[in-house]
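Each chain, written out:
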There are 2 protein chains.
Amino acid sequence: MEDSVAIQILDAANRLFAERGYDGTSLQVIAEAVGIRKPSLLYHYTSKAVLRDAVLARLMDHWAEVLPQILSAATTGENRFEALVAEVIAFFDADPSRARLLYREILDRPNELSLRLGGFLAPWIALLADYIRRGQGTGLIRAGVDPEVYISNVIQMVIGGVATAHVFYAMGDDSAVERQVLEVTRIARTALFVNDYLEGNHG
Amino acid sequence: MEDSVAIQILDAANRLFAERGYDGTSLQVIAEAVGIRKPSLLYHYTSKAVLRDAVLARLMDHWAEVLPQILSAATTGENRFEALVAEVIAFFDADPSRARLLYREILDRPNELSLRLGGFLAPWIALLADYIRRGQGTGLIRAGVDPEVYISNVIQMVIGGVATAHVFYAMGDDSAVERQVLEVTRIARTALFVNDYLEGNHG
DNA sequence: CCTACCGATCGGTAGG
DNA sequence: CCTACCGATCGGTAGG
C-alpha cells in the first residue's frame, strides 16, 4: 500500500461525516481517529472541503464500479428482480454509512450531488425505465407504472430504509433486516408486475 | 399575539436548521434573520440546544394535532386510502422543511427522535397495522404484507420523496409533485390490496 | 432588548 | 509528520 495514511484519513472522515455530518465533524477529531495531528492531515488534503470531495468521489467511484456488476448479475435467471433489490439493499446494509452519507449530501448540497449522481446514475435509470416500458408493451408490467418515478421511490425505500433503520425498527429484532429486504422486494415487485408470479413464496 | 418575537425565532430556526442543519446554523444568523442581536435570542431560548428542542417540539405538536384529522377524515368514504396518502404528502409538501428537519434529526440524533416520535406515532402505526391484519383476515389485503414494515416503507417514500425532491426530479417539471403523489399512491395501494380496485384510473 | 466581552474551538498557515 | 501559532467565529455571560 503506497499511501496508507491518506486512506486511513479517508476512512475516518467517511465514517465521521456519516455519523455527525460535515459541519459537526472537526478536522481535529478526524486527525485523532487516525492518530496524527491536524496539520499532518492538511498535508494530505489541503482543506476540509477537499477532504469532503475526496470522500464523496470515492463513494461514487465505488458505486460506479459495483452497480454494473449488480445489474448485470441480476439480469441472469428468472428471479433477477428479487436479486437486484436484494443486492442493492445488501450493498448499503453492508455499510450503512454509505446511505447516511448520501442522505446528508442530499440535504446539505442537493445541487452538487445532483450533478455528480446524475452523471453516472442517469444511464442506469434510463435502462431500467426502458425495461419497464418494454414490459408495459408486452403486458408483463402494469400499465399504471410511471417508470422514472417508480424507480426513484424504490431507491427511496432501499436507501431510506437503511439510513433510518435505527428509528423505524429499533426493536433489536435480528430478523429486522431480513423482513425489510423481503417487504421492500415484495412492494416493488407487486407494484410493478401484472402477475404476482411468486406470491406463493410469501403466503 | 402575546410573544411574537419568540415565534419569529422559532420560525427562523426551523427554516435554517432544515436548510443548513443544526451544526451548520449559528445563533448569529438566526438572530439576524429575526432582526435582533444574539444575546436577545438567548433571552428567549437559554441555549442553542433548548432552541433545537423547542423547534422539534412544535413540529411534533403540529403533527400530533393534524395527524388524527387526516386519519379520521381519510376513514370516510371509499377512497380513504388514496385520500390518506395524498393528504400526508400534501402536509409535507406544503412545507418541505418539515421533511428535511425530520430527516436531519433522524441522522443527527436517532435515539432522541425515536423516543419522541415513537411516543405519539406508535398508536397510529398500531392502528393501521391492525387494519391491515383485519384486511388480511377477510382476504381484502394481500397475505404477504408485513404490516409494520410495509407502513414504515410507505412513510419512507412519502417523506423521503419530499425531502429529496430536488435531486430525484429536478427536471423543473411542474407535474413532478402530482406524478409523485400518483405513483406513491399507486405503489402503496397495489402492494397492499388483493384487488386493484381502481386500476382503470391509471390507464 | 442592547453593548461589551469571555474562553474555547474552528479551519488553516509558517516553518522546520 | 511535527510544534507553534493565526484570525475568525462559536455558544454563552455580565451587566444594564
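Definitions and limits used
Residues numbered from 1 in each chain as written. Chains lettered and ligands numbered in written order. Predicted model: local features only at pLDDT ≥ 70, side-chain atom pairs only at ≥ 80, totals over all residues. Heavy atoms only, no water. Contact = heavy atoms within 4.5 Å. Buried area = accessible area lost by both parts, 1.4 Å probe. Salt bridge = Lys/Arg side-chain N within 4 Å of Asp/Glu carboxyl O. Polar contact = N/O pair within 3.5 Å; in protein donor to acceptor, adjacent residues only side chain to side chain. Helix = DSSP H or I, 4+ residues; strand = E, 2+ residues; numbered from the N terminus. Nonpolar A, V, L, I, M, F, W, Y, C, P; charged D, E, K, R; others polar. Expected span 1.5 Å × (residues − 1). Buried < 20%, exposed > 50% of the residue type's maximum accessible area, 1.4 Å probe, protein only. Least-squares fit on C-alpha atoms with pLDDT ≥ 70 in both. Near = heavy atom within 4 Å. Core = buried A, V, L, I, M, F, W, Y, C linked by side-chain atoms within 4.5 Å. pLDDT = per-residue confidence, 0-100. Phe/Tyr/Trp six-rings, centres within 6.5 Å; stacked < 30°, edge-to-face > 60°. Lys NZ or Arg CZ within 6 Å of the ring centre and 35° of its normal. Axes fitted to C-alpha atoms, helices over the stretch in contact; angles between N-to-C directions. Parallel < 35°, antiparallel > 145°, perpendicular 65-115°, else oblique. Left-handed = near helix turned anticlockwise from the far one by under 90°.

Quick look at the interface of chain B and chain A now. Listed as interface residues are 46 residues of chain B and, on the opposing side, 46 residues of chain A. Overall, the association of chain B and chain A removes approximately 4100 Å² of surface from exposure, summing both partners, and the carbon and sulfur fraction of that is 61%. Viewed at the interface, chain A and chain B are joined by four salt bridges. In this structure, arginine 179 of chain B engages aspartate 146 of chain A in a salt bridge whose closest nitrogen and oxygen atoms are separated by 2.7 Å. At the boundary of chain B with chain A, the tally comes to 19 residue pairs in polar contact (both at pLDDT 80 or more). For the side of chain B that touches chain A, the secondary-structure elements that each account for two or more residues are helix H1 (4-20), helix H6 (97-108), helix H7 (110-138), helix H8 (147-163), helix H9 (165-168) and helix H10 (176-192) of chain B. It is H8 of chain B that provides the largest number of residues to the side of chain B that touches chain A, a total of eleven residues. Looking at the side of chain B that touches chain A, its residues break down into 18 nonpolar, 14 polar and 14 charged.

For helix H5 (residues 80-94) of chain A, spanning 15 residues, the distance from its first C-alpha to its last is 20 Å, which sits close to the expected 21 Å at 1.5 Å a residue. Buried residues of H5 of chain A: Phe81, Glu82, Leu84, Val85, Ile89, Phe91 and Phe92 of chain A, and no others.

So, on to the relation of the copies chain B and chain A. Between the two copies of this chain, the relationship is a rotation about some axis together with a displacement along it. Its rotation angle being 180°, the transformation that places chain B on chain A also includes 0.0 Å of axial translation and leaves an RMSD of 0.0 Å. The symmetry that links the two subunits is that of a two-fold axis.

Right, let's get into the protein's contact with DNA strand D. The immediate surroundings of DNA strand D are formed by 14 residues, with Val5, Arg37 and Ser40 of chain A together with Lys38 and Lys48 of chain B found nearest. Within 4 Å of the protein, the contacting atoms of DNA strand D are drawn from sugar and phosphate to the extent of 58%. Interatomic distance of 3.2 Å between a side-chain N/O atom of serine 26 of chain B and a phosphate oxygen of DNA strand D. Broken down by secondary-structure element, the contributors of at least two residues to the surface near DNA strand D are helix H3 (38-44) of chain A together with helix H3 (38-44) of chain B.

Further remarks concern the nonpolar core. Counting 121 residues, the largest nonpolar core has Ile30, Leu51 and Tyr150 of chain A together with Ile30, Leu51 and Tyr150 of chain B as its most contacted members. Beyond its immediate sequence surroundings of up to four residues, leucine 51 of chain A is in contact with Ile9, Leu10, Ala13, Phe17, Leu27, Ile30, Leu41 and Tyr45 of chain A.

Within chain A, residue pLDDT values average 88, and 89% of them lie at 70 or more. Low confidence marks residues 198-203 of chain A, where pLDDT is under 50. Its contacts with residues over four positions away, or in another chain, come to eight contacts.

For the rest of this paragraph, the subject is the packing of aromatic side chains. With the rule as written, the count across this model stands at nine aromatic pairs over all chains. Note on phenylalanine 17 of chain A and tyrosine 22 of chain A: the rings are 5.3 Å apart at their centroids and 55° apart in plane angle, and the pair reads as tilted. Here phenylalanine 17 of chain A and tyrosine 22 of chain A have matching classes, each one buried. Pairing phenylalanine 91 of chain B with phenylalanine 92 of chain B gives two aromatic rings, centres 5.2 Å apart and planes at 80°, and the pair type is edge-to-face. Residue phenylalanine 91 of chain B shares its accessibility class with phenylalanine 92 of chain B, and that shared class is buried. Three or more aromatic residues joined by ring pairs make a cluster, and in this case those are Trp63, Phe91 and Phe92 of chain A. The ring of tyrosine 22 of chain A carries the charged tip of lysine 48 of chain A above its face, separated from the ring centre by 4.4 Å.

Lys38 and Lys48 of chain A together with Val5, Arg37 and Ser40 of chain B are the nearest of the 14 residues found near DNA strand C. Counting only atoms of DNA strand C within 4 Å of the protein, the fraction found in sugar and phosphate groups is 58%. Those elements that place two or more of their residues in the surface near DNA strand C are H3 of chain A together with H3 of chain B. Partitioned by chemical class, the residues of the surface near DNA strand C number six nonpolar, five polar and three charged.

Residues and elements named next belong to chain A. Running from amino to carboxyl end, helix H1 (residues 4-20) crosses helix H6 (residues 97-108) at an angle of 60°, the nearest separation of the two axes being 8 Å. Between H1 and H6, the interaxial angle falls into the category oblique. Between H1 and H6 the crossing geometry is left-handed. Touching Asn14, Phe17, Ala18, Glu19 and Arg20 of H1 are Ser97, Arg100, Leu101 and Arg104, all from H6.

As a further point, take the side chain of glutamine 180 of chain A. With respect to the element layout, glutamine 180 of chain A can be found in helix H10 (residues 176-192). A polar atom in the side chain of glutamine 180 of chain A sits 3.0 Å from the side chain of asparagine 153 of chain B.

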